[in-house]
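# What the coordinates show
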Amino acid sequence: PLCRCLSYSSHSAPACTVSTILVRPIMLSHRLLLLAALAVLGLGCPAAAFGSFQLPKMPWDGAAAGGSAGGGAAGSSLQPGDTVAVVGASGNVGKLVALRLSDTYKVKGIVRDKSGVAPFFGDRLGGSIELFEADLLEEMAAGGGGGGSGGCPEALRPALAGANAIVICTGTTAFPTKAWSRNEEKEVTADVLSALWEAKFDVPAAIGALTEAGLNTPQNVDDRANRFLYRAWNDACRVAQKRAILLSSIGVQRRTAMPFPVLNACGVLDAKASAEAALIESAGENGFAYTILRPGQLFGGPYDNNYYLGTLFQLDKDAATQDVQVGLGDELLGDTLRSTLAEVTAQICEGDCALNTDFAVVNVKGEAPTAEGVQERLRALSAGPAVAVASEQ
């Protein structure tokens, strides 16, 4: 069935360990020189004796291992047992993405506090799923090695050093809510009113002041933190960087057309657009494939984080609205089940599709398609600007 990730009960996945040494012919001479240097130091040994040891990542490795602009090189394909870092693995979407990806990959989830989400993963925790604690805004404020020019803070390095792929599931609300507070539990009304007063009710200036004050504004969470993550992963990664997936939003490319200017009143779509552009640029510079996935308003369980409109109103239309529609770019309208978003995220990894692509996904009336049906629609994205939906097949 499509929504395997909606089985919230604990379940185990077969362990899969991949230990390989990749030698790229185009840079073989450089590696031979390195091995010769090791031999001079008395550290030389046959390649088979290295075991799980991997040669240090070279500056040219990203371009050799990553995807190409035309759809990714063969080396960009994720393999079972590869490691995927899921940023925001404690959120309503992130926890489903991490759980579903752990069917096939080793998952390193990055969360601010793992105590609250650990029970959700059950017996997969410590097996196919590991959790690492890091507060991105705190690391940015501290200049934790990745502030302006690059580098990776120590809190993120264990999760990112071995990550062949990264999936970013973080985000904040479009309008001021408790989610904008640093701990996501404090009311921000007083902060917002104060900022508006100081800015003489200039909304962009007030949002800018709240951003500089370190609140979880769209500019901080959806733009700056994502750019910070790209730099941190590029700096920390010591394995082949294969692909990066960013969960964004419909409306990013239509933010001047109704109804999206309303949603963008506090700049959330501007922030996401900036992060999308930065990801495409980073992928081109570092040689990995990218995918930008644009869901609609999210609905459906789990309902642990209750600051989002789709959660507050507990939109109960999952039973009749489970078919999946995907379309290139940003042309669809509708809402998206969190379980659908998690499944589609996993399938573009498992099916090695939607490379160097941005597309939208929403749910429409109808039954949930099979996993094969979803794969078919995702593969069709590469064929051209068509919209794929079961009722049209």
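Residues numbered from 1 in each chain as written. Predicted model: local features only at pLDDT ≥ 70, side-chain atom pairs only at ≥ 80, totals over all residues. Heavy atoms only, no water.

### A closer look at the overall build of the chain
- A count of helices and strands for the chain gives 14 helices and 11 strands.
- Looking at the chain as a whole, 51% of its 393 residues are labelled buried.
- Nonlocal contacts in the chain, meaning residues at least 24 apart in sequence, comprise 73% of its contacts between residues at least 6 apart.
- Entry remark: accessible area of the chain is about 17,200 Å², with carbon and sulfur atoms responsible for 58%. (Helix = DSSP H or I, 4+ residues; strand = E, 2+ residues; numbered from the N terminus. Buried < 20%, exposed > 50% of the residue type's maximum accessible area, 1.4 Å probe, protein only. Contact = heavy atoms within 4.5 Å. Areas by Shrake-Rupley, 256 points an atom, 1.4 Å probe, with all protein chains shown as cover.)

### Observations regarding the environment of R255
- Within the element layout of this structure, R255 appears in the loop between β5 (243-247) and α10 (260-263).
- The class for R255 is partly exposed, based on a relative accessible area of 29%.
- For the pair R255 and G267, spaced 12 residues apart in the sequence, the C-alpha separation amounts to 9.6 Å.
- If we ignore the near neighbours within four places in the chain, the residues touching R255 are F260, P261, N264, L269, D270 and A273.
- Here the side chain of R255 touches V252 through a polar contact of 2.4 Å, landing on its backbone oxygen. (Polar contact = N/O pair within 3.5 Å; in protein donor to acceptor, adjacent residues only side chain to side chain.)

### Here we look at empty space enclosed by the protein
- Summed over all chains, the structure comprises 1 cavity of 30 Å³ or more.
- Quantified by volume, the largest cavity comes out at close to 40 Å³.
- Around the largest cavity sit T170, D222, N226, L246, L247, S248 and K272, which together line it.
- When its residues are assigned to classes, the lining of the largest cavity shows 2 nonpolar, 3 polar and 2 charged. (1 Å grid on protein atoms, 1.4 Å probe; cavity = no way out; pocket = protein on both sides within 12 Å on 5 of 7 lines; lining within 4 Å. Points joined across faces, edges and corners; volume = space filled by probe spheres on them. Nonpolar A, V, L, I, M, F, W, Y, C, P; charged D, E, K, R; others polar.)

### Brief notes about the pairing of strand β1 (residues 83-87)
- β1 sits mainly inside the fold: 5 of its 5 residues count as buried.
- Neither face of β1 is left uncovered, since the one carrying T83, A85 and V87 and the one carrying V84 and V86 both have all their residues buried.
- Of the crossover connections in this fold, the one passing from β1 over helix α3 (residues 92-101) to the parallel strand β2 (residues 106-111) is right-handed.
- As paired strands, β1 and strand β4 (residues 165-168) are joined by 4 bridges and run parallel to one another. Directly across from A85, in β4, lies its bridge partner I166. (Right-handed = clockwise from strand over helix to strand, strands pointing away. Pairing = 2+ DSSP bridges.)

### Examining a nonpolar patch on the surface
- A grouping of F175, M258 and V262 is seen on the molecular surface, where their side chains present a nonpolar patch of about 310 Å² in accessible area.
- Here M258 lies in the loop between β5 and α10.
- Look at M258 and you get exposed, because its relative accessible area is 63%. (Patch = residues over 30% accessible without salt bridge, like charges linked within 9 Å, V, L, I, M, F, W, Y side chains within 5 Å. Salt bridge = Lys/Arg side-chain N within 4 Å of Asp/Glu carboxyl O.)

### Some words on the pattern of salt bridges
- Overall, the coordinates contain 19 salt bridges when judged by the stated rule.
- Between E350 and R100 there is a salt bridge, with its nearest N and O atoms 2.8 Å apart. Of this pair, E350 sits in helix α13 (residues 338-350) while R100 sits in helix α3, and the two are 250 residues apart along the sequence.
- When its relative accessible area of 32% is taken as the criterion, E350 is described as partly exposed.
- Judged by its relative accessible area of 1%, R100 falls in the buried class.
- We note a salt bridge from E154 to R157, for which the minimum N-O separation is 3.4 Å.
- On the basis of relative accessible area, E154 is assigned to the exposed category, the value being 59%.
- In the salt-bridge network here, residues are joined through shared partners; they are R100, D103, R124, E343 and E350.

### Overview of unusual backbone geometry
- In the segment running from M258 into P259, the intervening peptide bond is cis, with an omega of 5 degrees.
- You can see P259 is positioned in the loop between β5 and α10.
- With a phi angle near 60 degrees, A354 is a residue other than glycine that sits in the positive phi range.
- With respect to the secondary-structure elements, A354 resides in the loop between α13 and β10 (357-364).
- Given a relative accessible area of 1%, A354 falls into the buried group.
- Look at N356: it is not a glycine, yet its phi comes out positive at around 50 degrees.

### Brief notes about the confidence of the model for the chain
- Confidence in the prediction of the chain, expressed as mean pLDDT, is 79, and 72% of residues score 70 or more.
- Note that residues 1-74 has pLDDT below 50 and, in this model, 107 contacts with residues that lie over four places away or in other chains.
- Counting contacts from residues 386-393, a segment whose pLDDT is below 50, to residues more than four positions away or on other chains yields 23 contacts. (pLDDT = per-residue confidence, 0-100.)

### Section: the nonpolar core
- By size, the foremost hydrophobic cluster in this structure holds 40 residues, and its most contacted members are V86, V97, L101, V344, I348, F359 and L378.
- Those residues in contact with V344 that lie beyond four places of it in its chain are L293, V324, F359, V361, V374 and L378.
- In this structure, I110, A134, C152 and L160 belong to the second largest nonpolar core, which totals 32 residues. (Core = buried A, V, L, I, M, F, W, Y, C linked by side-chain atoms within 4.5 Å.)

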